[in-house]
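Chain by chain, the residues:
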Amino acid sequence: MHSLAFTAESAANGVLTRDFTLGDIPGVLWSPAASAASPASSSPASRASSASPAPSPSRASSASPAPSPAPLVLMGHGGGTHKKHRAMTGRAHRLVTGSGFHVAVLDAPGHGDRPRGERDERDIAALREAQAAGAPEGPVVVPYNARLAEIAVPEYRALLDALLELPGIGGPVGYAGVGLGTAIGVPLVAAEPRIRAAVLGLHWPDALTEAARRITVPVEYAVQWDDERIPREACLALFDAFGSREKSLHANAGRHVDFPRHVEADSAARFLGRHLRPQADTTAATAA
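Residues numbered from 1 in each chain as written. Predicted model: local features only at pLDDT ≥ 70, side-chain atom pairs only at ≥ 80, totals over all residues. Heavy atoms only, no water.

For the rest of this paragraph, the subject is the overall build of the protein. Helices and strands together make up the secondary structure of the protein, namely 11 helices and nine strands. Out of the 288 residues in the protein, the part that is buried amounts to 49%. Long-range contacts, defined here as pairs at least 24 residues apart, represent 67% of the contacts in the protein between residues at least 6 apart. Accessible surface for the protein amounts to roughly 13900 Å². Of this, 53% is attributable to carbon and sulfur atoms. (Helix = DSSP H or I, 4+ residues; strand = E, 2+ residues; numbered from the N terminus. Buried < 20%, exposed > 50% of the residue type's maximum accessible area, 1.4 Å probe, protein only. Contact = heavy atoms within 4.5 Å. Areas by Shrake-Rupley, 256 points an atom, 1.4 Å probe, with all protein chains shown as cover.)

Right, here's the structure in full:
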């Protein structure tokens, strides 16, 4: 349905950053620089055109083995931001350099490099009016995010199909996203059996409760205890709805803007590491 095409790449500090399009949907993939194939070498055509003669038996026996495929984490960005927002790049670099994961994110509909439609503009204007009047945001944001999620969930599933075909990327798969990232992530995780663990938070339960009940994979969920935008009770109700036997609640003091991104990014990396690389976690615990 959607073809994946890499459009640009750069490497720094051990991280290979590759911009791509999935059909006409822009995204970015971060990978360990030492293990990731370049865009040119990942396409079947370029592999065929640049193929070398078969190595002799002696050369083949001395070649280094190909690295094992590394897990993949899909991320969802927050409302009003985009795929390369500092919250996305910071968390991605932690997961790549600290855990050796591949990390990918798409611009949500109407965000980043994707055009806004008239309905997007109306919803955003209604949100600004509610904020200016000091009115609750939920009645505007919940249906807006639900509409975006209906579009984004099939896109992320198509992205997962495409990325798992690339050399060096394998399962298991995790997901991380708060705010709009949770509005997309909850129905995605509920529908996608390849996702084995999820980091979520900061959202109302209204449109997500039914999907949350279908989620049984481990969940780490964050809430701001004094959030003036998303009431504490709303966040706790969504956490309570998750059907997972293993779920942990991270309650941080402060308002919505006080969300401790660095602290939660480090915690998310540890959480995803435990569930996407369980053998490595067991080895480390035994050695300790």
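What follows picks up the thread again.
The omega torsion of the bond from Gly-171 to Pro-172 falls at -5°, within 30 degrees of zero and hence cis. The topology assignment puts Pro-172 in strand β6 (residues 169-176). Non-glycine residue Leu-202 carries a positive phi angle of around 55°. The residue Leu-202 is located in the loop between β7 (195-201) and α8 (209-214) in this model.

Taken over all residues, the pLDDT of the protein has a mean of 88, while the share at 70 or more is 84%. In the model, residues 37-65 has pLDDT below 50 throughout and makes 18 contacts with residues more than four positions away in sequence or in other chains. A low-confidence stretch, residues 281-288 stays under pLDDT 50, and its non-local contacts, those more than four residues away or across chains, total one contact. (pLDDT = per-residue confidence, 0-100.)

Further remarks concern the side chain of Asp-120. Inspection of the secondary structure puts Asp-120 in helix α5 (residues 118-133). The exposure class assigned to Asp-120 is buried, which follows from its relative accessible area of 7%. A distance of 2.9 Å separates polar atoms of two side chains, one belonging to Asp-120 and the other to Arg-147. Beyond its immediate chain neighbours, meaning those up to four positions away, Asp-120 contacts Gly-110, Pro-115, Tyr-144, Arg-147 and Leu-148. (Polar contact = N/O pair within 3.5 Å; in protein donor to acceptor, adjacent residues only side chain to side chain.)

As a further point, take the nonpolar core. Formed by 79 residues in total, the largest nonpolar core has its most connected members in Trp-30, Leu-74 and Phe-242. Sorting elements by how many residues they give to this core places helix α6 (residues 138-163) first, with 14 residues. If near-sequence neighbours (up to four positions away) are discounted, Leu-74 is found in contact with Ala-104, Tyr-156, Leu-159, Leu-160, Leu-163, Val-173, Gly-174, Tyr-175 and Ala-176. (Core = buried A, V, L, I, M, F, W, Y, C linked by side-chain atoms within 4.5 Å.)

What follows concerns helix α4 (residues 86-99). Here α4 contains 14 residues, and its C-alpha end-to-end distance of 19 Å stays within 8% of the 20 Å for a straight helix at 1.5 Å per residue. Looking at α4, one finds that the buried residues are Met-88, Arg-91, Ala-92, Leu-95, Val-96 and Ser-99. For α4, the arc enclosing every buried residue in end-on projection is 130°, short of the 170-degree limit, so these residues lie on one face. Residues of α4 that are exposed and angled more than 90 degrees away from the buried face: Arg-86, Thr-97 and Gly-98. Directly after α4, the chain includes Gly-100, whose backbone phi takes a positive value near 75°. (Expected span 1.5 Å × (residues − 1). Arc of directions from axis to C-beta.)

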